[in-house]
Amino acid sequence: MRIFVLVASLWMLVAPCSSILAGTAPLGDWYGKPIVDVTIAGEGPFRFILDSGADVTVIDHALAARFNFKELGETEIGSPIGGTVPATRLRLDDLRIGSIEIGSVEALEIDLAGLVGVGDAPVGVLSTAEFGTRSLTFDFAEDRLSVIDEPLPPANGADVFDFCMPSGKPSLQVQVGGRPHCVVLDTGSPTVLALPLSAADALPLVDKPVVKGHARLVGTEVDVWGARLDGELRVGSIVMRDPDLSFMETAPHGNMGQGFLHGLQLTLDHTNRRLRLSSGANEIATAAAPTPQIRRVAKPVGKKRYGIRLRGSLDAELTVAGVDPGSPAEVGGLQAGDLLVTLNGVPVEELDMSARISALRGSPLKLSVKRDGELRELTLRLD
């Protein structure tokens with residue numbers, strides 16, 4: 001199994017642009033990563049990952065070849081875990097996401113397609129630091145990006161938090177099995193929570209961590225260890241019970257990704273080094289509602305929902321908690337209590353979280369499910 005952690009920890013400080021207009025835009029999905037359509041000098045749109053874990057915007061060689069961007073010099077880019085790759089500094093003018101004006105930014109040109117290693121890959125990664133003095137909100141439940149010219153209110157420890165890292169990365173303090181950890185909020189990562197492997201000994205885990213895959217970072221590739229927490233992952237008033245955690249041996253800090261953010265609203269205020277996490281209408285269990293964690297399979301942009309509600313983390317065992325009345329899932333014969341065994345013919349345990357999300361958003365969706373000890377074959381369609 002391969003886990004793609006795409007440009008999750010790019011390092012290099014670039015001055016953010018402050019000339020951004022308020023507005024909204026669709027928020028798409030690519031292997032569980034948020035996607036926006038970016039135009040450059042009136043051309044496009046081009047698909048970019050919108051990444052809160054990236055310090056700098058990067059583009060692929062293929063996109064750079066289409067434009068006569070001004071070159072600003074040569075440099076290197078890498079991750080804190082180690083390894084670097086060469087990069088060319090470029091000036092990109094007149095960037096926009098729909099009605100949202102970003103203006104000119106400094107970006108790095110790298111072999112992004114080679115790094116990702118997956119077909120139909122986005123051609124760029126847009127750092128959220130480019131939004132300057134504005135606040136931007138990822139609404140992962142409604143597939144929408146919003147930008148406003150207002151700061152976040154002061155931190156309250158419930159849903160608004162100050163960044164806890166001096167680097168300026170969006171970060172916050174979380175409680176993992178009752179222990180505090182300062183972690184990066186990384187929209188470009190598929191994990192629930194990744195921690196340094198050295199932190200595992202102090203956590204209440206069901207079993208010892210074992211290698212479950214690999215992470216491809218800029219300039220290096222590392223093993224990813226996994227284990228289930230026997231306890232709560234708490235962020236303010238939001239609680240996830242018994243989540244599957246990831247660990248990296250040489251990681252300098254923790255990293256919280258889409259496995260946790262899925263279905264939430266995340267607002268970033270880079271200027272005041274503040275962020276807000278709110279549950280909205282999502283179905284993550286909170287302290288006030290001590291029920292098993294349930295996640296809804298989010299709708300693809302412009303398409304209907306299947307109406308499937310899954311119990312547990314999207315990178316763990318997939319058990320159906322319920323289906324919406326009249327939904328494609330109910331029409332296709334899916335029922336509460338069904339255990340998903342295969343997605344489009346591939347065993348669930350062989351798919352990482354990004355591949356599971358991609359399959360569960362596609363149509364048709366062919367399922368093998370276990371019900372009352374028997375295997376059943378179902379086909380669901382988004383009409």
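A brief look at the structure comes next. (Residues numbered from 1 in each chain as written. Predicted model: local features only at pLDDT ≥ 70, side-chain atom pairs only at ≥ 80, totals over all residues. Heavy atoms only, no water.)

**Points about the state of the cysteines**
To keep things clear, this is the line we draw: Any two cysteine sulfur atoms within 2.5 Å of one another count as a disulfide. Here a strand is any run of E in DSSP of at least two residues, a helix any run of H or I of at least four, and the numbering for each starts at the N terminus.
By the definition in use, this model includes one disulfide. Bridging C164 to C182, the disulfide has an S-S length of 2.0 Å. The disulfide joining C164 to C182 has a torsion of about 95° about its S-S bond and is therefore right-handed. One end of the pair, C164, is in the loop between β12 (160-162) and β13 (171-176); the other, C182, is in strand β14 (residues 179-185), with 18 residues separating them in the sequence.

**Considering the sheet that holds strand β22 (residues 265-269)**
Defined as follows: For two strands to count as paired, DSSP must find a minimum of two bridges between them. For every element, the axis is a line fit to its C-alpha atoms; helices are fit only across the contacting stretch, and the angle between N-to-C directions ranges from 0 to 180 degrees.
An order of β1-β11-β10-β22-β23-β12 is seen for the six strands of this open sheet, with the pairing classed as antiparallel. Where the open sheet ends on each side, the last strands, each with one partner, are β1 (23-26) and β12. When strand polarity is set aside, the average angle formed by the axes of neighbouring strands in this sheet is 15°. Where strand β10 (residues 135-139) and β22 come together, five bridges link them in antiparallel fashion. Considered in β22, the bridge of S135 is made with D269.

**Let's talk about the pairing of strand β5 (residues 57-60)**
What counts is decided by this rule: Residue burial is assigned from relative accessible area. The probe radius is 1.4 Å, only protein chains are included, and a residue is buried under 20% of its type maximum, exposed over 50%, and partly exposed in between.
Side chains T57 and I59 project from β5 onto one buried face, and the interleaved V58 and D60 project onto a second face that is buried too. Here β5 pairs with strand β8 (residues 100-110) via four bridges, running parallel. Bridge pairing in β8 links V58 to L108. Note: β5 against strand β9 (residues 124-127), two bridges, orientation antiparallel.

**Thoughts on the pattern of salt bridges**
Put simply, the test is: Salt bridge criterion: a side-chain nitrogen from Lys or Arg within 4 Å of a carboxyl oxygen from Asp or Glu.
The final tally for this structure, using the stated rule, is ten salt bridges. Between K169 and D55 there is a salt bridge, and its shortest N-O distance comes to 3.3 Å. You can see K169 sitting in the loop between β12 and β13 and its partner D55 sitting in the loop between β4 (43-51) and β5, a full 114 residues away along the chain. In this structure, K169 and D55 share a single accessibility class: buried.

**Things to note about the side chain of D139**
Inclusion rule: Whenever a nitrogen or oxygen atom comes within 3.5 Å of another N or O atom, the pair is scored as a polar contact, on the condition that within protein one atom can donate a hydrogen and the other can accept it, and that pairs from neighbouring residues in sequence are kept only if both atoms are in side chains. In this analysis, two residues are considered to be in contact whenever any of their non-hydrogen atoms come within 4.5 Å of each other.
Position of D139 relative to the elements: it lies in strand β10. Judged by relative accessible area, D139 falls into the buried class, the value being 5%. A distance of 3.0 Å separates a polar atom in the side chain of D139 from the backbone nitrogen of E142. Apart from residues lying up to four places away in sequence, D139 is in contact with L27, R144, L264 and Q265.

**Some details on the nonpolar core**
Note on soluble globular proteins: their nonpolar side chains tend to be buried together. We apply this condition: Buried Ala, Val, Leu, Ile, Met, Phe, Trp, Tyr and Cys residues form a nonpolar core when they are joined through side-chain atoms within 4.5 Å.
In terms of nonpolar packing, the biggest core is built from 59 residues, with I40, I97, F260 and L277 touching the most fellow members. In terms of nonpolar packing, the next biggest core, distinct from the first, is built from 20 residues, V323, L334, L378 and L382 among them.

**Focus: the environment of K70**
Considering the arrangement of structural elements, one finds K70 in strand β6 (residues 70-78). Between the C-alpha atoms of K70 and D93, which are 23 residues apart in sequence, the distance is 9.4 Å. Sequence-distant contacts of K70, that is, excluding residues within four places in its chain, are made with R89, L90 and R91.

**Notes on the pairing of β1**
Only one face of β1 is buried, namely the one carrying G23 and A25, since none of T24 and P26 on the opposite face is buried. Relative to strand β11 (residues 144-148), β1 is paired through four bridges, and the arrangement is antiparallel. Across the sheet, the residue bridging to A25 is L145, located in β11.

**Concerning unusual backbone geometry**
That bond from G44 to P45 is cis: its omega, 10°, falls within 30 degrees of zero. Locating P45 in the fold gives a position in strand β4. In this chain, S363 is followed by P364 through a cis amide linkage whose omega measures 0°. Along the chain, P364 turns up in the loop between α5 (353-361) and β29 (365-371). Look at D94: it is not a glycine, yet its phi comes out positive at around 55°. Within the secondary structure, D94 is located in strand β7 (residues 84-97).

All we've got here are geometric facts, nothing functional implied.
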